[in-house]
Amino acid sequence: MKILFVVNNFYAPGNGLSASARRTVAALKEAGMDVRVLSGHNHEAQTPQPDYVLTDYRVPVFDRLIQSHGYKFAKRMNPIIEEAVKWADVVHLEEPFPLQNRTAQFAKKYGKAITATYHLHPENLFCSIHLGGWKLLNNSCLRLWRDAVYNYCSDIQCPTKGVLDRCEAFHFKARLHQISNGLMPDTFLSDEQPSPSDDRPVHIACIGRLAVEKDQPTLLKAMRYSKHTDKIKLFFAGRGPEHDHLVALADKMYKEGVLKYPAEFKFETREELRHLAAASDIYVHCARVEVEGLSALEALQQGVVPVVAEGPLTATTQFVLDDRSLFKVGDPKDLAAKLDYWIEHPKERREMALKYVESTEKYSMEKSVDALIKMYETAINTK
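Conventions used here
Residues numbered from 1 in each chain as written. Predicted model: local features only at pLDDT ≥ 70, side-chain atom pairs only at ≥ 80, totals over all residues. Heavy atoms only, no water. Helix = DSSP H or I, 4+ residues; strand = E, 2+ residues; numbered from the N terminus. Rg over C-alpha atoms; globule rule 2.2 N^0.38 Å. Buried < 20%, exposed > 50% of the residue type's maximum accessible area, 1.4 Å probe, protein only. Contact = heavy atoms within 4.5 Å. Areas by Shrake-Rupley, 256 points an atom, 1.4 Å probe, with all protein chains shown as cover. Lys, Arg positive; Asp, Glu negative; His and termini not counted. Charge placed at Lys NZ, Arg CZ, Asp CG, Glu CD. Axes fitted to C-alpha atoms, helices over the stretch in contact; angles between N-to-C directions. Parallel < 35°, antiparallel > 145°, perpendicular 65-115°, else oblique. Phe/Tyr/Trp six-rings, centres within 6.5 Å; stacked < 30°, edge-to-face > 60°. Pairing = 2+ DSSP bridges.

1. Notes on the overall build of the protein chain
The helix and strand inventory of the protein chain stands at 14 helices and 15 strands. For the protein chain, the C-alpha radius of gyration of 21 Å lies close to 21 Å, the compact-globule estimate for 383 residues. Considered along the principal axes of its C-alpha atoms, the protein chain spans approximately 65 × 45 × 45 Å. A buried classification covers 56% of the 383 residues belonging to the protein chain. Across the protein chain, the fraction of contacts at a sequence separation of at least 24, relative to all contacts at a separation of at least 6, is 70%. For the protein chain, the exposed area adds up to about 16900 Å²; of that, 52% sits on carbon and sulfur atoms. The average position of the 50 basic charges and that of the 50 acidic charges among the side chains of the protein chain differ by 6 Å.

2. Overview of the packing of helix 12 (residues 332–344) against helix 13 (residues 346–359)
Two quantities define a packed helix pair, namely the angle between the helix axes and the distance between the axes. Viewed as axis vectors pointing N to C, helix 12 and helix 13 meet at an angle of 95 degrees, and their least axial separation amounts to 5 Å. Relative to helix 13, the element helix 12 lies roughly perpendicular. Packed against helix 12, whose contacting residues are Tyr 341, Trp 342, Ile 343 and Glu 344, the element helix 13 presents Pro 346, Glu 348, Arg 349 and Met 352 at the interface.

3. Observations concerning the packing of aromatic side chains
Applying the stated criterion across every chain yields a total of nine aromatic pairs. The interplanar angle of 15 degrees and the centroid separation of 5.7 Å between the aromatic rings of Tyr 118 and Tyr 150 together place this pair among those described as stacked. Of this pair, Tyr 118 sits in the loop between strand 7 (113–117) and helix 5 (122–126) while Tyr 150 sits in the loop between helix 6 (135–148) and strand 8 (155–158), placing them 32 residues apart in sequence. You can call Tyr 118 buried: its relative accessible area is 0%. Owing to a relative accessible area of 0%, Tyr 150 belongs among the buried residues under this scheme. When the centroid spacing of 4.8 Å and the interplanar angle of 10 degrees are considered together, the rings of Phe 236 and Phe 265 count as stacked. Of this pair, Phe 236 sits in strand 11 (residues 232–237) while Phe 265 sits in strand 12 (residues 264–266), and the two are 29 residues apart along the sequence. A single burial state applies to Phe 236 and to Phe 265, both of which are buried. Aromatic rings pair up to connect Phe 73, Phe 97 and Trp 145 into one cluster.

4. Notes on the sheet that holds strand 9 (residues 175–178)
The seven strands lie next to each other as 3-2-1-6-7-8-9, forming an open sheet whose pairing is parallel. The open sheet has two edge strands, strand 3 (52–54) and strand 9, and neither has a second partner. Across the sheet, the axes of successive neighbouring strands diverge by a mean angle of 20 degrees, strand direction being ignored. Bridge analysis of strand 7 against strand 8 gives three bridges, and the strand direction is parallel. Within the sheet, the bridge partner assigned to Thr 117 lies in strand 8 and is Gln 157. In this fold helix 4 (residues 98–109) packs onto strand 1 (2–6), strand 2 (34–40), strand 3, strand 6 (90–93) and strand 7, with an angle of close to 165 degrees to the strand it touches most, strand 6.

Listed below in structure tokens is the structure:
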């Protein structure tokens, strides 16, 4: 089976969509599929490069903001797109943007099966310009994506039940398949698990892009309400447009004496993130808008108890095993209460951490790839 992945920026570092695409392509190849990529140039290294290389497209006015998220758009270069589509049995669209619209048009012309993954909500984009709460704008954008891209598809991968429900509510024409983006197999670093100590602070890790919709300020604000702030050390792993704002806020709170330990900010490799999670006591996920949140799942795989924001667009809550690890999205007082509970109950925290390790097995990349291959076969057989 020849599968063409279509993504604007396949090699973008620190971008969850691109990272997911790279993992999926690698896993499909390991499963014996013939996979090629149509994408913009790899700016991180001379090699590797996409199989079909497109020139970058600079978006007027917003290009600097887009690049601050570790992202680039690619130009719609018809000869290259047409060549790539002719090669494929299945054309898989990773985004709902102009490149995917043009590729879908060629795929329809040549009678190719067309599938997609729903990777992001409109709110993921509009939160960056503080319009994430404007329902009319976001709903109109989703209808545009539906008509311009998704309705070309016979089958769509929905990483979570929340995504599938939203696609149904907006009357997507395609068959909808709930398939996780997939968790790569990793060793549980049990030898790095924190042990109780009176002189060691409680390590709280927050992993993910530093962006408005990820809402990291709520974790910092929660420190003003926690009964145990003097025992807490915060670790933020990621980069993005909100980096300077978050660093300034954390520094201010440290100088005021709210934080006893200065917060640490780093952009780390996947291997370093594994060790950060394994050495942490609690993992916090504050995002207001999240299609799946694999960074949370990767942390749970290392035996750390989560505290996750719960709201209408926070799909990461599906990984949570009970209400002790849920807080109302954007509510620092509720977050502080949940953190205090886990700090005050270390024995329960360690027991639940092991249950979270076990719970990640059902999201394995192997299971996701098997389901994706079946989806592609269905698309080919019913195109």
